[in-house]
Number of protein chains: 2
Amino acid sequence: MIENPKDVLILHFQETISLKENEISLVKNHFKIKELKKKEILIFPGDVSNHMQFIYKGCLRNYYMDQEAKEHILQFGIENWWVNDLYSYLTKTPSKQFVQAIEKSIILQIHRDSLNELFDQIPAIERFFRLKFEKAYVSLQDRTINTLSKTAEERYLEFRSQYRDIEQRVPQYMIASYLGITPEFLSAMRKKIAK
Amino acid sequence: MIENPKDVLILHFQETISLKENEISLVKNHFKIKELKKKEILIFPGDVSNHMQFIYKGCLRNYYMDQEAKEHILQFGIENWWVNDLYSYLTKTPSKQFVQAIEKSIILQIHRDSLNELFDQIPAIERFFRLKFEKAYVSLQDRTINTLSKTAEERYLEFRSQYRDIEQRVPQYMIASYLGITPEFLSAMRKKIAK
DNA sequence: AGACTTTCTTAAGGTACCTTAAGATTTAAG
DNA sequence: CTTAAATCTTAAGGTACCTTAAGAAAGTCT
């Protein structure tokens, strides 16, 4: 039995909502498969993000670059996650961020217009995405709170226990960037923790 | 001509969407007026937030308290803003935050069930709140980015130019809390900037 | 007006985290 | 297998921001 990207997507939806047979094929028809090479950039600053994208295979990151050309990672994504610059997607304004494949990846994309059609045809899908947006808000708020009130070490330990799978497949300097610290300081911290 | 809280609310909606006469009275009927004394707490940790609330008069803050009993302000709100713990409201889970009146305030509240009824009756209202949620997400993301990549001084100057009205009516130690620094450090910074 | 509470400032000493620079290790590419 | 590229570590010196503690200033209540 061969695993098909779109079947995986349907299973993913069905963890939250239920879909009838005809709805399933409708959903499948609206998504397109896209392959990304390692380091390929999906969204550049200045682009308007017009698609929602689901990761079938691989690993991506969402980051922005500050005035001093330093990168700050906002989010990682791996299998079964959605990645996007939601800001740009929701407001239809140019992104200030990059979305880039960290590994060779396969994603499923749906255009905003196409998704809106789906919303009209399948209310459960609209519900699904509403819940996704809520979750995105919630996890962003957790991040804000953490950044304001915890030390780098606390944040690192939390990251490690929460995202062990991610920690093991992305370079450490990216984790440092996500945590808001330098790779050197992360390295020193790890040494200290190991003892 | 006396200013009525509910009329102000309707004007606020009409900056974004348009409402017919019958819709206006429908909306007005769903909101309740509530007065808050200075320092009165509207949402306690553990409460589930079941209302959206619009500030007609006054000033509120949304903060949470960490393990060391330090307060971290997430948001301020003044006239014509909405305040809430959106996290709790959206997920119907107990809040981890406080929402408190900084000044004597008058707010307009609508219960989630009541708002959902309104959504069925007036699609423009649903649209209004969808846009609000998007904006909340966007500004939260701006905050996360700022906190990760800017110094306290940069954040303070930005806060000052963006929220001059708020800066002038809340105590400085609360601004420090919002910026994620100590009041002592803010005081020192201000002295330095003034020169 | 006087007393209490809240808010703001000053200062000294400390810590978390940064910068720079170089070398060590691992991974990728021919 | 060899070399280059990417990643991780170490170390020294620096800076942003914190802690504690105390006093000054402003606001509130009777």
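Residues numbered from 1 in each chain as written. Chains lettered and ligands numbered in written order. Predicted model: local features only at pLDDT ≥ 70, side-chain atom pairs only at ≥ 80, totals over all residues. Heavy atoms only, no water.

Before going further, it helps to spend a moment on the relation of the copies chain B and chain A. For these two chains of identical sequence, chain B goes onto chain A by a turn of 180° and a shift of 0.0 Å along the axis, with RMSD 0.0 Å. In symmetry terms, the pair is related by a two-fold rotation axis. When you check the interface residues of chain B against chain A, 96% turn up at the interface there too, and the contact is symmetric in its surfaces. (Least-squares fit on C-alpha atoms with pLDDT ≥ 70 in both. Contact = heavy atoms within 4.5 Å.)

Contact with chain B, which involves 28 residues of that partner, is made by 27 residues of chain A. Summing both partners gives a buried area of about 2700 Å² for chain B against chain A, and 68% of it is carried by carbon and sulfur. Here chain B is connected to chain A by 0 salt bridges. At the boundary of chain B and chain A, one finds 5 residue pairs in polar contact (both at pLDDT 80 or more). (Buried area = accessible area lost by both parts, 1.4 Å probe. Salt bridge = Lys/Arg side-chain N within 4 Å of Asp/Glu carboxyl O. Polar contact = N/O pair within 3.5 Å; in protein donor to acceptor, adjacent residues only side chain to side chain.)

Around DNA strand D, the structure places 16 residues, and the nearest of them are Gln172(A), Tyr173(A), Ser187(A), Lys70(B) and Ala152(B). Per the 4 Å cut-off to the protein, sugar and phosphate atoms form 78% of the nearby atoms of DNA strand D. Side-chain polar atom of Lys70(B) to a phosphate oxygen of DNA strand D: 2.9 Å apart, as the coordinates give it. A distance of 3.1 Å is found between a phosphate oxygen of DNA strand D and a backbone nitrogen or oxygen belonging to Thr182(B). Those elements that provide at least two residues to the surface near DNA strand D are helix H8 (172-179) and helix H9 (183-194) of chain A together with helix H9 (183-194) of chain B. The leading source of residues in the surface near DNA strand D is H9(A), at 3 residues. Of the residues assigned to the surface near DNA strand D, the class counts are 5 nonpolar, 5 polar and 6 charged. (Near = heavy atom within 4 Å. Helix = DSSP H or I, 4+ residues; strand = E, 2+ residues; numbered from the N terminus. Nonpolar A, V, L, I, M, F, W, Y, C, P; charged D, E, K, R; others polar.)

Glancing now at the domain arrangement of chain A. The accessible area lost on association of the parts is a frequent measure of interface size. All names here are of chain A. Taken domain by domain, chain A comprises domain 1 (5-132) and domain 2 (150-195). Put simply, the middle of domain 1 and the middle of domain 2, counted by C-alpha atoms, are 26 Å apart. At the junction of the two partners, domain 1 supplies 14 residues and domain 2 supplies 11 residues. Three residues, Ile73, Phe76 and Ile78, lead the burial of domain 1 against domain 2; their summed loss comes to 50% of the area buried on that side. The interface formed by domain 1 and domain 2 holds 2 salt bridges in total. Seen at the junction of domain 1 and domain 2, the total is 5 residue pairs in polar contact (both at pLDDT 80 or more). Those elements that place two or more of their residues in the side of domain 1 that touches domain 2 are strand E4 (59-65) and strand E5 (71-78). With 7 residues, E5 is the largest single contributor of residues to the side of domain 1 that touches domain 2. Considering only residue class, the side of domain 1 that touches domain 2 consists of 7 nonpolar, 3 polar and 4 charged. (Domains from an automatic or database assignment.)

Next up on the list: a negative patch on the surface. On the surface, Asp113(A), Glu117(A), Asp120(A), Glu126(A), Asp113(B), Glu117(B), Asp120(B) and Glu126(B) cluster together to form a negatively charged patch. Only helix H4 (112-121) of chain A together with helix H4 (112-121) of chain B provide two or more residues apiece to the negative patch. Note that Asp113(A) resides in helix H4. (Patch = residues over 30% accessible without salt bridge, like charges linked within 9 Å, V, L, I, M, F, W, Y side chains within 5 Å. Areas by Shrake-Rupley, 256 points an atom, 1.4 Å probe, with all protein chains shown as cover. Lys, Arg positive; Asp, Glu negative; His and termini not counted. Charge placed at Lys NZ, Arg CZ, Asp CG, Glu CD.)

Lining the immediate surroundings of DNA strand C are 16 residues, of which Lys70(A), Ala152(A), Gln172(B), Tyr173(B) and Ser187(B) lie closest. When the atoms of DNA strand C within 4 Å of the protein are sorted by group, sugar and phosphate make up 78%. The separation between a phosphate oxygen of DNA strand C and a polar side-chain atom of Lys70(A) is 2.9 Å. Here a phosphate oxygen of DNA strand C and a side-chain polar atom of Ser187(B) are 3.0 Å apart.

Our focus in this paragraph is the sheet that holds strand E4 (residues 59-65) of chain B. Residues and elements named next belong to chain B. Strand order in the open sheet formed by 4 strands is E2-E7-E4-E5, and the pairing between neighbours is antiparallel. This sheet does not close on itself; its edge strands, each paired only once, are strand E2 (41-43) and strand E5 (71-78). Taking each pair of neighbouring strands and ignoring which way they run, the sheet shows an average axis angle of 30°. Two elements, E2 and strand E7 (residues 97-101), share 2 bridges in a ladder whose sense is antiparallel. Within the sheet, the bridge partner assigned to Ile41 lies in E7 and is Gln100. (Pairing = 2+ DSSP bridges. Axes fitted to C-alpha atoms, helices over the stretch in contact; angles between N-to-C directions.)

Residues and elements named next belong to chain A. Between H4 and helix H5 (residues 123-149), the shortest axis-to-axis distance is 5 Å and the interhelical angle comes to 120°. Of the possible angle classes, the one that applies to H4 and H5 is oblique. Note on element contacts: H5 touches H4 through Pro123, Ile125, Glu126 and Phe129, opposite Leu115, Leu118, Phe119 and Gln121. (Parallel < 35°, antiparallel > 145°, perpendicular 65-115°, else oblique.)

Think of a sheet as strands paired side by side through backbone hydrogen bonds, with each pair either parallel or antiparallel. Residue and element names in this part refer to chain A. Strand order in the open sheet made by the 4 strands is E1-E8-E3-E6, with antiparallel pairing throughout. Lying at the two open borders of the sheet, with one neighbouring strand each, are strand E1 (32-36) and strand E6 (82-83). As judged from the 6 bridges shared by strand E3 (residues 51-57) and strand E8 (residues 105-111), these two strands associate in the antiparallel manner. Looking at E8, one finds that Phe54 is bridged to Leu108. On the sheet, H4 packs against E3 and E8 and is oriented at approximately 65° with respect to E8.

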